[in-house]
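Spelled out from the first residue to the last, the chains are:
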Amino acid sequence: MPSQRGANCRPQQREGNRVAVGVPTVRRRRLGGKLRSLRGDLTLEEVAEASEGAFALSKLSRLENARNAAKPADIDRLLDLYAKLGRDVDDELRAALLDLTKAGSQRGWWHSYRGVLRPCPMW
């Protein structure tokens, strides 16, 4: 009979000697969703082309899919580009997305408990 210990834990992927922590935070996912909705009916290729080399297609994709933490300067430039492309980017939206960007790179409250909580057992 399998052990009940760690029954609610998700299995972790391993890369060499370290555990892969590729799960985007909720804040980064929210930011990515907002960026995707701002892009609207434009394709990633169209936005990358309109940026004149400032944004590669892969970078736009990683930002929208929350694979990388966004930098405030990148989001600011991307919002400038969307405004240039006719999207409605007001000061309130810009401030909210920049706040979300800064919050997305912060660790969650649970990181302070790393020494207290044991990791899930590998099975």
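Predicted, not measured: the structure shown is a model, and the values here were computed from it.

About the thresholds
- Each residue is numbered by its place in its chain's sequence as written, counting from 1.
- With pLDDT at 70 or above as the cut-off, local features in this predicted model cover only qualifying residues; side-chain atom pairs require 80 or more to be listed or tallied, and sums for whole chains, interfaces and linings still use all residues.
- Values reported for side chains reflect all heavy atoms of the structure, with hydrogen atoms and water molecules removed beforehand.
- Helix and strand definitions follow DSSP, with helices as H or I runs of at least four residues and strands as E runs of at least two, each counted in order from the N terminus.
- Take the number of residues in a helix, subtract one, and multiply by 1.5 Å to get its expected span.
- For every residue, the accessible area (1.4 Å probe, protein chains only) is compared with the maximum for its type, and the residue is labelled buried under 20%, exposed over 50%, or partly exposed between those bounds.
- The contact criterion used is simple: two residues touch if any of their non-hydrogen atoms lie within 4.5 Å.
- Definition of a polar contact: a pair of N or O atoms within 3.5 Å, with one able to donate and the other able to accept a hydrogen when the atoms are protein atoms, and with sequence-neighbouring residues admitted only if both atoms are side-chain atoms.
- Salt bridge criterion: a side-chain nitrogen from Lys or Arg within 4 Å of a carboxyl oxygen from Asp or Glu.
- For the purposes of this section, nonpolar cores are sets of buried Ala, Val, Leu, Ile, Met, Phe, Trp, Tyr and Cys residues that join through side-chain atoms within 4.5 Å.
- Each patch is built from salt-bridge-free residues with over 30% relative accessible area, joining like charges within 9 Å and nonpolar side chains (Val, Leu, Ile, Met, Phe, Trp, Tyr) within 5 Å.
- Accessibility throughout is a Shrake-Rupley quantity obtained with a 1.4 Å probe, and a residue counts as covered only by protein chains that appear here.
- Just so you know, the count uses Lys and Arg for positive and Asp and Glu for negative, and it drops His and the chain ends.
- To locate a charge, the coordinates of NZ of Lys, CZ of Arg, CG of Asp or CD of Glu are taken.
- Geometry of aromatic contacts follows a simple scheme: Phe, Tyr and Trp rings, the Trp one being its six-membered ring, pair when their centres are within 6.5 Å, and the pair is stacked under 30 degrees between planes, edge-to-face over 60, tilted otherwise.
- Cation placement over rings: the criterion is NZ of Lys or CZ of Arg within 6 Å of the ring centroid and within 35° of the ring normal.

Q: Help me out: how do you make sense of helix α5 (residues 91-104) in this one?
A: For an α-helix the count is 3.6 residues per turn, leaving residues at separations of three or four pointing the same way. With 14 residues, α5 ought to run about 20 Å at 1.5 Å a step, and its terminal C-alpha atoms sit 20 Å apart, in line with that. Inspection of α5 places Arg94, Leu97, Leu98, Leu100, Thr101, Ala103 and Gly104 among the buried residues, and these make up the whole buried set. Buried residues along α5 sit in contact with α1 (26-39) and α4 (72-84).

Q: What's the story with the side chain of Arg39 in this structure? I'm lost.
A: Mapped onto the elements, Arg39 comes out in helix α1. Overall, Arg39 belongs to the buried group, its relative accessible area being 11%. Within polar-contact distance, the side chain of Arg39 engages the backbone oxygen of Leu42 at 2.6 Å. For Arg39, the side chain forms a polar contact with the side chain of Glu64, separated by 2.7 Å. With residues near it in sequence (within four places) discarded, Arg39 still touches Leu44, Val47, Glu64, Tyr82 and Arg87.

Q: When you look at the pattern of salt bridges in this model, what are you seeing that I'm missing?
A: Where side chains of opposite charge bring their charged atoms close, a pairing between them can arise. By the definition in use, this model includes 7 salt bridges. As a salt-bridge pair, Arg87 and Asp41 come within 3.0 Å of each other at their nearest N and O atoms. Within this pair, whereas Arg87 is found in the loop between α4 and α5, its partner Asp41 is found in the loop between α1 and α2 (44-50), the two being separated by 46 residues in sequence. Assessed through its relative accessible area of 21%, Arg87 is described here as partly exposed. You can call Asp41 exposed: its relative accessible area is 67%. Shared partners join several salt bridges into a network, and the residues in it are Arg36, Arg39 and Glu64.

Q: Help me out: how do you make sense of the nonpolar core in this one?
A: Nonpolar side chains tend to gather and get buried jointly when the protein is soluble and globular. Leu31, Val47, Leu60, Ile75 and Leu78 are the most contacted members of the largest nonpolar core, which has 20 residues in total. Only α1, α2, α3 (57-64), α4 and α5 provide two or more residues apiece to this core. Ignoring sequence-local partners within four residues, the contact set of Val47 consists of Arg39, Leu42, Leu60, Leu78, Leu81 and Tyr82.

Q: I would appreciate a short explanation of a negative patch on the surface in the present structure.
A: Together, Asp88, Asp90, Asp91 and Glu92 give the surface a local cluster of negative charge. Structurally, Asp91 is set in helix α5.

Q: Looking at this structure, how should I read unusual backbone geometry?
A: Peptide bonds are mostly trans, and most non-glycine residues show a negative phi. One non-glycine residue with positive phi stands out, namely Glu52, at about 55°. Counting through the fold element by element, Glu52 comes out in the loop between α2 and α3. One non-glycine residue, Ala66, adopts positive backbone phi at about 60°. Mapping Ala66 onto the fold places it in the loop between α3 and α4.

Q: What is the right way to look at the packing of aromatic side chains in this model?
A: By convention here, two paired aromatic rings are described through the distance between centres and the angle between planes. For the structure on display, the rule yields 0 aromatic pairs. Seen from the ring of Phe55, Arg77 lies directly overhead, with NZ or CZ sitting 5.2 Å from the centre.

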